[in-house]
Amino acid sequence: MDYSEEKGWYSPRIIPYQPLTLDPAAMVFHYGQTVFEGLKAYRSEDGSVRLFRPEENFKRLNQSSDRLSIPPIDEAQMLAYLKELIRIDKDWIPTMPGTSLYIRPFVIATEPTLGVAPSRNYKFMIILSPVGAYYKEGINPIGIFVEDQYTRAAPGGTGTAKTAGNYCAAYKAQERATANKQAQVLWLDGMEKKYVEEVGSMNVFFKLNGEVHTPGLSGSILEGITRKSVIELLKSWDIPVFERRISIEEIVSASKSGTLEEVFGTGTAAVISPVGELLWKDHKIVVNNNETGALSKRLYTELTGIQTGEQKDPFGWTVRLEDE
Ligand code: PMP
């Protein structure tokens, strides 16, 4: 679908996957005016296909667009287009446990102008790709590197938007994590490098003394849909959950005093990713003997059960595509 100032969003169409022709001066290439989303469709053994909270993704796409001065798109319309697209490709959505169809809606600025100003033309596209199981050998803890040099986002910046610049700003930190034999980066706040923000492409949770704590929406982290769902699930299980500022020093002392029970990341790709080790400067924190904790396991089983339709969906989170 395309956008121009005169027509608004126009000409929605489904076409075979193919390369795109763009002017070399298209503004997305130079100023990064682009936003995207990531969600999944799951096909169960009976053939039924479900999306997990897709309206949240389209709402977030528009919020990201707003931050990047991109015109909004009707959210119900985007969902209707997505359903239509999935219906066509439904048969190659894998059914093996853990597999899914990854969905990438995105908007790019296409006006060919070298001046710095919001583009007057855009393209909205949705591409699909089947993905294998995230955990091939069962759910396993990862190690994370607490980044104390680079910053992902600062308050007032684009950290709450799902936009390209936030991700390439993370490459150098990810190189440092890899060099330190850790799988992912844990970001600290951009002002004081003191408070925990989020992990690479996940939000982060700490189980401290029977309670669950997660960084609040600081204005520089992404408002994860899995994060929101985990908070709602924990509340429904009567497990105390707090959104607040959490300093990395607090985590170090909780580890020393034995009150740090579990750490896990939440995101569309892994759903729940237990963290077994944190490396911050010369502190190495081992969590739960580097084993997956009971709460991480329970959340993973419950969420994936709801997503695939194997378990009841008491929250009405899944959207089942009508069988045709
Ligand atoms: N933070 C960042 C930076 C991300 O890219 C993602 C993945 N979208 C998340 C958090 C988790 O968000 P969600 O649960 O919506 O996938």
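In the nomenclature of an unreviewed UniProt entry, the chain corresponds to Branched-chain-amino-acid aminotransferase from the organism Shouchella clausii. Its UniProt record gives the chain the following Cofactor (unreviewed entry) comment, quoted word for word: "pyridoxal 5'-phosphate".

Turning next to the UniProt feature "modified residue: N6-(pyridoxal phosphate)lysine" (unreviewed entry) in the chain. Within this numbering scheme, the UniProt entry marks K162 as carrying the feature "modified residue: N6-(pyridoxal phosphate)lysine" (unreviewed entry). With respect to the secondary-structure elements, K162 resides in the loop between β8 (142-146) and α4 (164-168). Those residues in contact with K162, other than ones at most four positions away along the chain, are V35, F36, E37, R60, S64 and L222.

The next point concerns the site of the ligand. Taken together, the neighbourhood of the ligand is formed by 13 residues, with L222, G224, I225, T226 and T268 sitting nearest. Broken down by secondary-structure element, the contributors of at least two residues to the shell around the ligand are α6 (225-236) and β14 (260-267). It is α6 that contributes the most residues to the shell around the ligand, three residues altogether.

The next subject is the nonpolar core. In terms of nonpolar packing, the biggest core is built from 67 residues, with I144, V185 and L186 touching the most fellow members. No other element matches strand β6 (residues 100-109), which puts six residues into this core. Mapped onto the domain boundaries, this core takes at least three residues apiece from domain 1 (2-131) and domain 2 (142-307).

A few words now on the domain arrangement of the chain. Many descriptions give the size of an interface as the accessible area lost when the pieces come together. Split into domains, the chain comes out as domain 1 (2-131) and domain 2 (142-307). Here domain 1 and domain 2 have C-alpha centroids that lie 27 Å from each other. Contacts between the two partners involve 18 residues from domain 1 and, on the opposite side, eleven residues from domain 2. Taken together, the elements giving at least two residues each to the side of domain 1 that touches domain 2 come down to β3 (34-36), β4 (39-43), β5 (49-52) and α2 (54-67). When residues of the side of domain 1 that touches domain 2 are assigned to their parent elements, the largest contribution, five residues, is made by α2. Here the residues of the side of domain 1 that touches domain 2 are counted per class, giving six nonpolar, five polar and seven charged.

What counts as what
- Residues numbered from 1 in each chain as written.
- Predicted model: local features only at pLDDT ≥ 70, side-chain atom pairs only at ≥ 80, totals over all residues.
- UniProt positions renumbered as here; feature names shortened; annotations may be inferred.
- Helix = DSSP H or I, 4+ residues; strand = E, 2+ residues; numbered from the N terminus.
- Contact = placed C-beta atoms within 7 Å.
- Near = placed C-beta within 6 Å.
- Core = buried A, V, L, I, M, F, W, Y, C linked by C-beta atoms within 7 Å.
- Buried ≥ 20, exposed ≤ 12 C-beta atoms within 10 Å, placed from the backbone.
- Domains from an automatic or database assignment.
- Nonpolar A, V, L, I, M, F, W, Y, C, P; charged D, E, K, R; others polar.

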